[in-house]
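Okay, here's what each chain looks like letter by letter:
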Amino acid sequence: MDDTLGQAEKDTGKVPNQKELEKELSEYLSKKYGSRIKIVSPLVFPRPGEDRTDQTPVGFGPDREGQFNMLPEDLEEYLDSYVVKQSQAKSVLATKICTHFNRIKHTAFRKGGKSSRVGMIKNNVLMIGPTGVGKTYIVKLIAEKLGVPFVKGDATKFSETGYVGGDVEDLVRDLVYEAGEDIALAENGIIYVDEIDKIASSRNIIGHDVSRTGVQRALLKPMEETDVDLKVPHDPISQIQAIEQYRKTGKKEKQVVNTRNILFIMSGAFGDLAQIIKKRLQKQGLGFEAKVSPTDVPWEILKEVTAQDLIEFGFESEFVGRLPVIVVFDELTKPDLVEILNNPNNPIIISKRLDFRSYGIDIAFEAGALEKIAEMAAAHKTGARGLVSVIEKVLIPFEKRLPSTGLKRFLVTSEVVTDPEAELRKLLAAPHEQAVRDRYDRARERELQEIKNYIMGRADELGVRTGLSISEARTGVIAALYFETLSDINSAVEAFVEMVSEIRDEEAHWHEKLEVGLELDEGAVDEIILQAIASGQEVGPLAFQLAKRLEYGLKLVRDRSDMARFTLTREAVTDMEGFINDLIKRTYSRSCSSVQPGSPDETEIPGNAVRDRAAGSEEDSDER
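Residues numbered from 1 in each chain as written. Predicted model: local features only at pLDDT ≥ 70, side-chain atom pairs only at ≥ 80, totals over all residues. Heavy atoms only, no water.

On to the overall build of the protein chain, then. Within the protein chain, the secondary structure is distributed over 29 helices and 11 strands. Split into buried and exposed, the 624 residues of the protein chain put 44% on the buried side. Pairs at least 24 apart in sequence give 75% of the contacts found in the protein chain among residues at least 6 apart. By element, 49% of the accessible surface of the protein chain is carried by carbon and sulfur atoms, the whole surface being about 32,600 Å². (Helix = DSSP H or I, 4+ residues; strand = E, 2+ residues; numbered from the N terminus. Buried < 20%, exposed > 50% of the residue type's maximum accessible area, 1.4 Å probe, protein only. Contact = heavy atoms within 4.5 Å. Areas by Shrake-Rupley, 256 points an atom, 1.4 Å probe, with all protein chains shown as cover.)

This next bit is on the environment of threonine 413. Here threonine 413 is to be found in the loop between strand E9 (409-412) and helix H18 (414-418). As for threonine 413 and lysine 372, which are separated by 41 residues in sequence, their C-alpha atoms are 9.2 Å apart. With near-sequence residues (within four places) excluded, threonine 413 lies in contact with Glu366, Ala369 and Arg439. A distance of 3.0 Å separates polar atoms of two side chains, one belonging to threonine 413 and the other to glutamate 415. (Polar contact = N/O pair within 3.5 Å; in protein donor to acceptor, adjacent residues only side chain to side chain.)

Let us look at the sheet that holds strand E6 (residues 263-268). Read across the sheet, five strands follow the order E2-E3-E6-E1-E7 without closing on themselves; strand pairing throughout is parallel. With one partner strand each, in any of the chains shown, strand E2 (150-154) and strand E7 (325-328) form the two edges of the open sheet. On average, each strand axis in the sheet is inclined to that of its neighbour by 20°, with strand direction left out of account. Two elements, E2 and strand E3 (residues 190-194), share five bridges in a ladder whose sense is parallel. Within E3, the position partnered with phenylalanine 150 by the bridge is isoleucine 190. (Pairing = 2+ DSSP bridges. Axes fitted to C-alpha atoms, helices over the stretch in contact; angles between N-to-C directions.)

Okay, the pattern of salt bridges next. Per the counting criterion, the structure on display carries 37 salt bridges. In this structure, aspartate 336 engages lysine 85 in a salt bridge whose closest nitrogen and oxygen atoms are separated by 2.9 Å. Placement of aspartate 336 in helix H14 (residues 334-342) and of lysine 85 in the loop between helix H3 (72-80) and helix H4 (87-108) is noted, with a sequence separation of 251 residues between them. By relative accessible area, which is 30% here, lysine 85 ends up partly exposed. Between lysine 352 and aspartate 355 there is a salt bridge, with its nearest N and O atoms 2.9 Å apart. Taken together, the residues lysine 352 and aspartate 355, both in helix H15 (residues 347-357) and three residues apart, mark about one turn of the helix. (Salt bridge = Lys/Arg side-chain N within 4 Å of Asp/Glu carboxyl O.)

Our focus in this paragraph is the pairing of strand E11 (residues 565-568). Because side chains alternate across E11, one face comprises the buried residues Phe566 and Leu568, and the other comprises Arg565 and Thr567, none of which is buried. Examined bridge by bridge, strand E10 (residues 517-520) and E11 share four bridges and lie parallel to one another. Within E11, the residue paired with glycine 517 across the bridge is arginine 565.

Next up on the list: the packing of helix H22 (residues 472-485) against helix H23 (residues 489-507). Here H22 crosses H23 at 110°, and the two axes come no closer than 9 Å. When the interaxial angle is binned, H22 and H23 end up roughly perpendicular. Note that H22 runs across H23; the crossing there is right-handed. Residues Arg474, Val477, Ile478, Leu481 and Tyr482 of H22 touch H23, and the partners they reach there are Ile489, Ala492, Val493, Ala495, Phe496 and Met499. Per-class residue counts for the contact of H22 with H23 are 10 nonpolar, no polar and one charged. (Parallel < 35°, antiparallel > 145°, perpendicular 65-115°, else oblique. Left-handed = near helix turned anticlockwise from the far one by under 90°. Nonpolar A, V, L, I, M, F, W, Y, C, P; charged D, E, K, R; others polar.)

A rise of 1.5 Å per residue sets the reference length of helix H16 (residues 367-380), with its 14 residues, at 20 Å; its end C-alpha atoms lie 21 Å apart and thus fit the reference within 8%. Ala369, Leu370, Ile373, Ala374 and Ala377 are the residues of H16 that are buried. Angularly, the buried residues of H16 cover 135° about the axis, an arc narrow enough to put them on a single face. Downstream of H16 by a residue or two, lysine 381 has a phi angle that is positive, lying close to 60°. (Expected span 1.5 Å × (residues − 1). Arc of directions from axis to C-beta.)

Taken as a whole and judged by the stated rule, the model has nine aromatic pairs. Aromatic ring contacts, followed pair by pair, group Phe270, Phe313, Phe315 and Phe319 into a single cluster. Cation over ring: arginine 444 sits above phenylalanine 483, and NZ or CZ is 4.4 Å from the ring centre. Directly above the ring of phenylalanine 544 sits lysine 513, whose terminal nitrogen or CZ lies 5.1 Å from the centroid. (Phe/Tyr/Trp six-rings, centres within 6.5 Å; stacked < 30°, edge-to-face > 60°. Lys NZ or Arg CZ within 6 Å of the ring centre and 35° of its normal.)

This part covers the packing of H15 against helix H17 (residues 384-401). Between H15 and H17, the shortest axis-to-axis distance is 11 Å and the interhelical angle comes to 20°. Between H15 and H17, the angle is such that the two are roughly parallel. At the point where H15 passes H17, the crossing takes the right-handed sense. Contact residues: Ile348, Ile349, Lys352, Asp355 and Phe356 in H15; Ala384, Leu387, Val388, Ile391, Glu392, Leu395, Phe398 and Glu399 in H17. Across the contact of H15 with H17, the residue classes break down as nine nonpolar, no polar and four charged.

This part is about the side chain of aspartate 488. Note that aspartate 488 resides in the loop between H22 and H23. Among buried charged residues, aspartate 488 stands out as having no salt bridge; its nearest opposite-charge side chain is arginine 458, 7.3 Å away. Within the local environment of aspartate 488, its side chain forms a polar contact with the side chain of tyrosine 82, the two groups lying 3.2 Å apart. Each residue touching aspartate 488, except ones within four places of it in the same chain, is listed here: Tyr82, Pro344, Asn345, Ile350 and Tyr482. (Lys, Arg positive; Asp, Glu negative; His and termini not counted.)

Turning next to the confidence of the model for the protein chain. For the protein chain, mean pLDDT is 79; residues scoring 70 or higher make up 74% of the total. For the stretch residues 160-165, pLDDT sits under 50, and the model shows seven contacts to residues farther than four places along the chain or on other chains. Below pLDDT 50 for its whole length, residues 288-295 participates in nine contacts with residues either more than four positions away or in separate chains. (pLDDT = per-residue confidence, 0-100.)

Time to look at helix H20 (residues 434-457). Its 24 residues give H20 an end-to-end C-alpha distance of 35 Å, which sits within 8% of 34 Å, the value for a rise of 1.5 Å per residue. Every buried residue of H20 is listed here: Tyr440, Ala443, Arg444, Glu447, Ile451 and Ile455. The inward-facing, buried residues of H20 contact H15, strand E8 (362-365), E9, helix H21 (459-466), H22 and H23.

In structure tokens:
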């Protein structure tokens, strides 16, 4: 294709016109894919002398000073709210990954912007752990929290192709795609390669295992530093993109991605590695019995892993040398699985709530059901993946049948987990039985209380982060948002902060809209949010409706007293008539105490008149 474009340039001696390029592209694509592909979108020529290339630096460059300010303890605290167990893994990952990106920022902002990179070691990470312990999950959480582009690849895919190096470099190109074609941002991303233990050379063959060691060698340069060309000779898409770039800029450019600051994270289960370590430790006489069978080797022994063990496992010494940080994950036991299910941020239960909510059904889980699910999953020996398998197997019959019944609430009990089909028949026979409804209410109340306790345990941290006081009463509001939005706690807190901000913004304009001075205390704000959740209304308009309904009664109080401004409490939101009547009584009792009975200044304000006027104000507001 380059030859075709080059010939066009030779033939015309200038930039080809639009029709010529479209014709050439159409012919090429027709030969490659047949008549199914057409050029349908017009391209834009650059004006003479105009360079449309965006030169704005992105990522961790000088124009984004201070963007990355994450500290290791902050990142570890974030991971603690999502990931159960794995204390050492979370600590090491948070520290080394924060150090990696902070070092990039520090280098970019050094005086003069120059520093020698010779001999610098990148903090690439090797994660070792059995399936289902959260290796991929934790890397995704980190990438999302840091706001850097992230791609995941499977090492087994590389060994199945003939053009191995191209596949490895495709990970870098995918990173550019994830960064929205922003090369500078992609150069500060994370590449995660799973199943890395599958490319260790086999110890059962004589000579070199070329297919596997070839993949390791293809990864060497990107893991350290190299330039990856974005244009791939055998990829028609990259060829089209190159022509697009040419037509925009009027010149041919070679676009490359430098991998110097791209962090590589590798992971695998490394099933046979424990035997290699055990054998080494036995030779050193560290107390491991020689007669211990392979199945009795404790997983904890992997924490003694060395570079030499990995080389014996089948990795090239150069490959191991580019992975200076090694993290070993813990196995998950039944109590760990129970803790995962009870963690309000775990995506497993949230996903099932979303599945049933899509049919208008709210689902709750009894504590006994979660215990039973964890017990069954532990028997599978697949970590958290076992939880997903068990829950799906148990709930699929209900997910299929209940949407057709009109039921709006479903309780997962230990009996449901043990015998789903029998419990489904019982539920369909008596869907509205009072005992079932009471049991659901108790389970939901337990879930609500656990969520409130969890939020209260993080009150100080959330208060610092949001700038709001997180009182015990407010934990109930955030918990209500959690169940309404079916998201994690952090997202519920963000939604709460946004709603508070909307109410306060509305409140700031009340002096222009109302004839009395009003402000809301914390309790009133919380109650407005709860009403908005229940009614599906926007919090700002809802707060204004409340103030408008109270305006008439508050004007009466203002005119008969020296009160110029009123603070609305939670009671003002939950019982407007009672709030106004109580305020009027207290105000007028003070006013009338100095007036003789029967005098023209003695006034009685009937509660009905206040209520009727408030209702009229609400209707007027609706009409407006």
